[in-house]
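Fold and contact review
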Amino acid sequence: NAFRFLTIIPLPVKGPAKIEDMGHSLAFFPLVGLFIGLLLAAIYWALSFILPLPVVTGLVITALVVITGALHLDGFIDSMDGLFIGGSPEKRLEVMRDSRAGSFGVAGAFLLLLLKFLSLENLPESSRLFSLILMPVLSRWCVVWPLSIFPYARPQGLGHAFKSQANWSRVIIATLLAAAIAIAIFKLKGIIIMAGLGIITMLAALFINRRLSGLTGDSYGAIIELGDLSVLLLILILASPR
């Protein structure tokens, strides 16, 4: 079920997902992120033999959007449209329901993808593959604990199925998995990146909660997208010469 929510990759599983199973899958979000990261790294490695690296970077970012079915990007766009207008939380939630993208959403998506591209392009070549692997691992981890901490802003929705089954045991399992992968890839720097991402995620979740009186499925998608970018920026900061 984590694969069904986080990717469009078909699995040989028949029948609809049960609500309780969706909640149980939260603990394994980092493992799905690891699969996505390995796939992105393989795409980058293969294309680097036949295309200029800036083009490869753009295609890898495109591949990430395709692999996730643009679900998280759509949530980011809807969140940008709702969070940055005036009015009550109810009005903001209503704007986020609108399938049409507004100016905040379009501008936000453009800047998000641009910053991802620039961040990847400026990483040391020796760490790009490892960064592509770690990025989706930690961004899928960082959405798990806001799911457990903050209330859900709507009475129903896809995200509500995860929220209703979220608990701290699943947060702990997801955190241990993410930490193990981060240490395996970047050693101590992996934990520093996790800590930095945790702070960024908490600030983002607090801001969203204040604006909406809770989080929504769109908010979860926005947190994942922000997590992707934040991981790349944190790696870039740590890799920069002093």
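Source: prediction; values computed, not measured. The numbering scheme is per chain: residues are counted from 1 as the chain's sequence reads. The predicted nature of this model means local features are confined to residues of pLDDT at least 70 and side-chain atom pairs, given and counted, to a pLDDT of 80 or more, with totals for whole chains, interfaces and linings taken over all residues. Hydrogens and water molecules were not included; the side-chain quantities draw on all heavy atoms of the structure.

**Quick notes on the packing of helix H3 (residues 29-47) against helix H11 (residues 168-186)**
Lines fitted to C-alpha atoms define the axes here, with helix axes fitted over just the stretch in contact, and angles between the N-to-C directions of these axes take values from 0 to 180 degrees. In this text, helices come from DSSP runs of H or I with a minimum length of four residues, and strands from runs of E with a minimum of two, each type numbered from the N-terminal end. Running from N to C, H3 and H11 point in directions that differ by 35°, and their axes come no closer than 8 Å. In contact with Pro30, Leu31 and Leu34 of H3, H11 contributes Ala174, Leu177, Ala178 and Ile181. Taken together, the residues of the contact of H3 with H11 break down into seven nonpolar, no polar and no charged. Note on contacts: a residue pair qualifies if any of its non-hydrogen atoms lie within 4.5 Å across the two residues. Under the grouping applied here, Gly and all other residues not named as nonpolar or charged are polar, the nonpolar ones being Ala, Val, Leu, Ile, Met, Phe, Trp, Tyr, Cys and Pro and the charged ones Asp, Glu, Lys and Arg.

**Section: the packing of helix H8 (residues 128-141) against H11**
Orientation of H8 relative to H11, taken along the N-to-C sense of each, is 165°, at an axis distance of 10 Å. It follows that H8 is roughly antiparallel to H11 by the angle criterion. Crossing angle aside, the handedness with which H8 passes H11 is left-handed. Seen from H8, the contacting residues are Phe130, Ser131, Ile133, Leu134, Val137, Leu138 and Trp141; seen from H11, they are Ala174, Thr175, Ala178, Ile181, Ala182, Ile185 and Phe186. In terms of residue class, the contact of H8 with H11 is made up of twelve nonpolar, two polar and no charged. Orientation is classified from the angle alone, with under 35 degrees giving roughly parallel, over 145 giving roughly antiparallel, 65 to 115 giving roughly perpendicular, and any other angle giving oblique. Crossings are classed by handedness, with left-handed meaning an anticlockwise turn of the near helix from the far one by less than a right angle and right-handed meaning a clockwise turn.

**Describing the packing of aromatic side chains**
Centre distance within 6.5 Å is the pairing criterion for rings of Phe, Tyr and Trp, where only the six-membered ring of Trp is used; planes under 30 degrees apart are then read as stacked, over 60 as edge-to-face, and the remainder as tilted. Across all of its chains, the model carries five aromatic pairs by this definition. Arranged with centres 5.0 Å apart and planes meeting at 85°, the rings of tryptophan 45 and phenylalanine 49 form a pair that is edge-to-face. By relative accessible area, which is 59% here, phenylalanine 49 ends up exposed. A ring pair is formed by tyrosine 152 and tyrosine 220, whose centres lie 6.1 Å apart and whose planes are at 45°; its orientation type is tilted. Placement of the pair is tyrosine 152 in the loop between helix H9 (144-149) and helix H10 (158-163) and tyrosine 220 in helix H13 (residues 217-239), with a sequence separation of 68 residues. In this pair, the class of tyrosine 152 matches that of tyrosine 220, namely buried. Among the aromatic residues, ring-to-ring pairing joins Phe84, Phe104 and Phe207 into one connected group. Partly exposed residues are those whose accessible area sits between 20% and 50% of the maximum for their type, while under 20% is buried and over 50% is exposed, using a 1.4 Å probe and protein chains only.

**Some thoughts on the pattern of salt bridges**
Whenever a carboxyl oxygen of Asp or Glu lies within 4 Å of a side-chain nitrogen of Lys or Arg, that contact is scored as a salt bridge. Under the definition given, this model contains three salt bridges. Its salt-bridge partner being lysine 116, residue glutamate 225 comes within 2.6 Å of it at the nearest N-O pair. On the criterion of sequence distance, the pair formed by glutamate 225 in helix H13 and lysine 116 in helix H7 (residues 103-122) is long-range, its members being 109 residues apart. Arginine 140 is paired through a salt bridge with aspartate 228; the nearest N and O atoms lie 3.1 Å apart. With arginine 140 in helix H8 and aspartate 228 in helix H13, the pair connects residues that are 88 residues apart, well separated along the chain.

**Here we look at the nonpolar core**
Counting 69 residues, the largest nonpolar core has Phe29, Leu40, Leu134, Leu138, Trp141 and Ile193 as the members making the most contacts within it. Of the residues forming this core, the biggest block, nine residues, is contributed by H13. Other than its neighbours up to four places away in sequence, leucine 138 contacts Ala178, Ala182, Ile193, Met194, Leu197 and Val231. Grouping buried Ala, Val, Leu, Ile, Met, Phe, Trp, Tyr and Cys residues that are joined through side-chain atoms within 4.5 Å yields what is termed a nonpolar core.

**Examining helix H5 (residues 71-83)**
Spanning 13 residues, H5 covers 18 Å between terminal C-alpha atoms, matching the ideal 18 Å at 1.5 Å per step. Most of H5 sits out of view: eleven of its 13 residues are buried. Listed as buried for H5 are His72, Leu73, Gly75, Phe76, Ile77, Asp78, Ser79, Met80, Asp81, Gly82 and Leu83. An expected span of 1.5 Å times one less than the residue number is assigned to each helix.

**A short note on helix H4 (residues 53-67)**
Here H4 contains 15 residues, and its C-alpha end-to-end distance of 21 Å stays within 8% of the 21 Å for a straight helix at 1.5 Å per residue. Those residues of H4 lying buried are Val56, Thr57, Val60, Ile61, Ala63, Leu64 and Ile67. The arc that holds the buried residues of H4, viewed along the axis, is 155°, so those residues lie on one side. Elements that come into contact with the buried residues of H4 comprise helix H1 (2-6), H3, H7, H8 and H13. Note on H4: the residue one or two positions beyond its end, glycine 69, has a positive phi of about 65°. Relevant arc is that of directions from the helix axis to the C-beta atoms, nothing else.

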